[in-house]
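Descriptive structure summary
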Amino acid sequence: MSKDIANTLKVLEIERVNHGISTGNSWVETHGTILSSENPTNGEIIAEVKSASIDDYELMMKNADKAFKEWRNWPAPKRAEVVRLIGIKLREYKEVLGRLVSIEAGKILQEGMGEVQEMIDICDFAVGQSRVMNGFMLQSERPDHKMYEQYYPMGIVGIITSFNFPVAVWAWNTMLAVIGGNVVVWKPSSKTPITAVAVHKIIAGVLKSLNVPEGVFNLVIAKSSVLGDNFLEDKRIPLFSMTGSTKVGKHVAELVSKRFGRSILELGGNNAALVMPSANLDIAIPSIVFGAVGTAGQRCTSTRRIIVHEQLYDDVKQRLINAYSQLEKRIGNPLEENTIIGPLIDKSAVDAYSHAINEAIKEGGKVIFGNKVLSGKGFEHGTFVVPTIVEVKNRYKIVQSETFAPILYLIKVSSLEEAIAANNDVPQGLSSAMFTTSLIDTEEWLSQRGSDCGIANVNTSTSGAEIGGAFGGEKETGGGRESGSDAWKSYMRRQTVNINYGKTLPLAQGVKFDI
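Figured I'd write up the structure that's included with this text. (Residues numbered from 1 in each chain as written. Predicted model: local features only at pLDDT ≥ 70, side-chain atom pairs only at ≥ 80, totals over all residues. Heavy atoms only, no water.)

**A short note on the overall build of the chain**
Basically, it comes down to this: Helical segments are the DSSP runs of H or I of at least four residues, strand segments are the runs of E of at least two, and each set is numbered from the N terminus. Computation of the radius of gyration draws on C-alpha atoms alone. For the globule rule, the value is 2.2 Å times the number of residues to the power 0.38. We call a residue buried when its accessible area falls under 20% of the maximum for its residue type, exposed when it is over 50%, and partly exposed in between, using a 1.4 Å probe and counting protein chains only. To measure how exposed things are, a 1.4 Å probe is used in the Shrake-Rupley method; for residues, cover is taken only from the protein chains shown. Positive charge is attributed to Lys and Arg, negative charge to Asp and Glu, and no charge count is given to His or to the chain ends. Just so you know, the charge point we use is NZ for Lys, CZ for Arg, CG for Asp and CD for Glu.
Tallying secondary structure elements over the chain gives 14 helices and 26 strands in all. Here the C-alpha atoms of the chain give a radius of gyration of 24 Å, agreeing with the 24 Å that 2.2 N^0.38 yields for 515 residues. In terms of overall dimensions, the chain has a C-alpha envelope of 80 × 60 × 40 Å along the principal axes. Taken across its 515 residues, the chain has 57% of its residues classed as buried. Entry remark: accessible area of the chain is about 21700 Å², with carbon and sulfur atoms responsible for 50%. The average position of the 55 basic charges and that of the 57 acidic charges among the side chains of the chain differ by 4 Å.

**Regarding the pairing of strand S4 (residues 34-38)**
To be explicit about the condition: At least two bridges found by DSSP between two strands is the condition for calling them paired.
Going residue by residue along S4, you find Leu35 and Ser37 tucked away on one face and Ile34, Ser36 and Glu38 left uncovered on the opposite face. Bridge count between S4 and strand S5 (residues 45-50): five bridges; the pairing is antiparallel. The residue of S5 that forms the bridge with Ser37 is Ala47. Connecting the antiparallel pair S4 and S5 is a turn made up of six residues, with Gly43 showing a positive phi of about 85°.

**Description of the environment of Gly269**
For Gly269, the location among the structural elements is in the loop between strand S12 (262-266) and strand S13 (271-275). For the pair Gly269 and Arg299, spaced 30 residues apart in the sequence, the C-alpha separation amounts to 8.6 Å.

**Digging into the packing of helix H5 (residues 109-129) against helix H6 (residues 168-179)**
Rules: Between N-to-C directions, angles cover 0 to 180 degrees, with each direction set by a line fitted to C-alpha atoms, over the stretch in contact for helices. What sets the label is the angle itself: under 35 degrees gives roughly parallel, over 145 gives roughly antiparallel, 65 to 115 gives roughly perpendicular, and the rest give oblique. Crossing handedness is read from the near helix: turned anticlockwise from the far helix by less than a right angle, it gives a left-handed crossing, and turned clockwise, a right-handed one. By the convention used here, residues are in contact when the closest approach between their heavy atoms is within 4.5 Å. Residue polarity follows a fixed list, in which Ala, Val, Leu, Ile, Met, Phe, Trp, Tyr, Cys and Pro are nonpolar, Asp, Glu, Lys and Arg are charged, and the others, Gly among them, are polar.
Relative orientation of the contacting elements H5 and H6 amounts to 15°, with a least axis distance of 9 Å. Between H5 and H6, the angle is such that the two are roughly parallel. For the crossing formed where H5 meets H6, the hand is right-handed. Contacts from Glu115, Glu118, Met119, Ile122, Cys123, Phe125, Ala126 and Gln129 of H5 reach H6 at Ala168, Trp170, Ala171, Trp172, Met175, Leu176 and Ile179. Here the contact of H5 with H6 is composed, by residue class, of 12 nonpolar, one polar and two charged.

**So, the nonpolar core**
Heads up, the rule is: Remark: nonpolar core denotes a set of buried residues (Ala, Val, Leu, Ile, Met, Phe, Trp, Tyr, Cys) joined through side-chain atoms within 4.5 Å.
With 100 residues, the main nonpolar core has Val82, Ile86, Met119, Trp170 and Phe217 as its most contacted residues. Looking at this core, the element that brings in the most residues is H6, giving 10 residues. Counting 64 residues, the second largest nonpolar core, distinct from the first, contains Val275, Leu327, Leu408 and Ala419.

**With respect to the layout of surface pockets**
Defined as follows: The way it works is a 1 Å grid over only the protein atoms, where trapped points that fit a 1.4 Å probe form a cavity and open points with protein on both sides within 12 Å along at least five of seven lines form a pocket, and then any residue with an atom within 4 Å of a point lines it. Grid points are joined across faces, edges and corners, and a volume is the space filled by probe spheres set on the points.
Its boundaries defined by the atoms lining it, the largest pocket holds a volume of some 1000 Å³. Along the wall of the largest pocket there are 42 residues; nearest its centre are Met242, Thr243, Gly244, Ser245 and Val248. Elements that contribute at least two residues to the lining of the largest pocket include exactly helix H8 (229-232), strand S11 (239-243), helix H9 (246-258) and helix H12 (347-362). Residue contributions to the lining of the largest pocket peak at five residues, all from H9.

**Brief notes about helix H10 (residues 281-293)**
Because each turn of an α-helix spans 3.6 residues, side chains separated by three or four positions end up pointing in the same direction. Put simply, the rule reads: What a helix is expected to span follows from its residue count: subtract one and scale by 1.5 Å. Nitrogen and oxygen atoms within 3.5 Å of one another constitute a polar contact, given that in protein one can donate a hydrogen and the other can accept it, and given that sequence-neighbouring residues count only through two side-chain atoms.
Helix length check: H10, at 13 residues, gives a terminal C-alpha distance of 18 Å against a target of 18 Å (1.5 Å per residue), a fit within 8%. Here H10 has its buried residues at Leu281, Ala284, Ile285, Ser287, Ile288, Val289, Gly291, Ala292 and Val293. The elements touched by buried residues of H10 are S13, strand S14 (303-309), helix H11 (313-324), strand S19 (407-413) and strand S21 (431-435). Where H10 begins, the side chain of Asn280 points an oxygen toward the backbone nitrogen of Asp282, at a separation of 2.9 Å.

**Description of the environment of Ile88**
Within the secondary structure, Ile88 sits in helix H3 (residues 76-92). For the pair Ile88 and Pro153, spaced 65 residues apart in sequence, the C-alpha to C-alpha distance is 25 Å.

**Some words on the packing of aromatic side chains**
Cut-off, in case you're wondering: Side-chain rings of Phe, Tyr and Trp, where Trp is taken by its six-membered ring, are said to pair if the distance between their centres is within 6.5 Å; with planes under 30 degrees apart they count as stacked, over 60 as edge-to-face, and otherwise as tilted.
A full pass over the atoms with the stated rule returns nine aromatic pairs. Here Trp170 and Trp186 contribute two aromatic rings whose centre-to-centre distance is 5.0 Å and whose plane-to-plane angle is 25°, an arrangement assigned as stacked. With Trp170 in helix H6 and Trp186 in strand S9 (residues 183-187), the pair connects residues that are 16 residues apart, well separated along the chain. For the pair Trp170 and Trp186, a shared accessibility class is recorded, and that class is buried. Between Tyr324 and Phe369, the aromatic rings sit 5.9 Å apart at their centres with planes inclined by 80°, giving edge-to-face as the arrangement. In this pair, Tyr324 is assigned in helix H11 and Phe369 in strand S15 (residues 366-369), connecting sequence segments 45 residues apart. Taking the relative accessible area as the measure of exposure, Phe369 reaches 17% and is therefore buried. Taken together, Tyr57, Phe231 and Phe240 form an aromatic cluster joined through their ring pairs.

Below, the structure written as structure tokens:
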């Protein structure tokens, strides 16, 4: 292990073997098997976690239930003060935590620190939101009656996160959930448990200084064979927020809904960028390349398809090849300044990359760049691939699915209508973008006939969403919304209140009931 990585772990108080449960300020001695976290760059073990057993989980849940009964009584601005100080603490640790994200998830350092900045931003957002978690005053049809809506916390919120955003998605969910009076139980990806341990190490001092009840901020690291379906079936958890594949999301939705629980699902994306005849290609090409190769194509908002009008097709194709030809020399260790593309998370991701390209070729696609797994010095672990461009038809089966790798499918169309139809003609509906300087194209794209995705952009990438907007998508993306706008309502139960302050009993709809 390099001195740089060892020092990062030391600053964050990461031990060689870490406990698998935190209840906020305290760590619980766990009794499960050892889980190892592997550096995707070189295969070295970063650190290990003694995973939780089912008995350990039960102990944590009892704490969480007890904590909720106290935490819900704290005024929302007082709860937000905890979040505000967490945001300050994250500012102090931004660089070192961002570095750990890069080490464990394989993101380049700029993206690692950018992820921590997202955590900071949502803390700031949640602090302000805490004072405007308002319901609505409604007009009653009955005299001397008041009617309004109000929001209350649901209880224990389960948060299941993915490896590609190992800390930011936790923050998106947690900060909104806790200002609303909920408590959280976080189960991180087994591929990135050490970043989760680090986050809880960072926030522990804040929780202690403000006397936050043990059990408001919970972390549980456990194998799915120990804590899997039983976690989802736990009736003590009325709401789950889950980030992951569509396949896993369907399973989560089925189990949680079977017991009438609620789910916030952020699942697969098959995001397209449309390039129309009036597009400014000096904006379009960098945006597309960033969207396609950022995080080595392992974002749910990564650009997977580029749908190009035939008038610009050859020009766009050549510009993309020119841009991609500059990338191979900048693939490497994500901690190095010159690197803009790091490794895939593991060798199974590399297999998925190769499989998707081969399937595209079998269906009639033509590789015009890439299709290469790197080897040699610095690439011995076999997790580095060259970003790839394949000319395809939108109907190809492999194009209809999401592959978490830097593969860009190039599709030619002859009209705006055909471009929008191709954008929408996939099972997923997360992010989308159009490049145009035409007002008519823009308004059609953003109309009810336009993009069917949860995010629709113009002249910017499908990737890199801000925290201020509600994040999520339609169709097989799951329909959930996290982060900004009014997403806080997803973590609350809604109550309609009717108050009769008069001296008679008028009934709704003019019903007469005299006794």
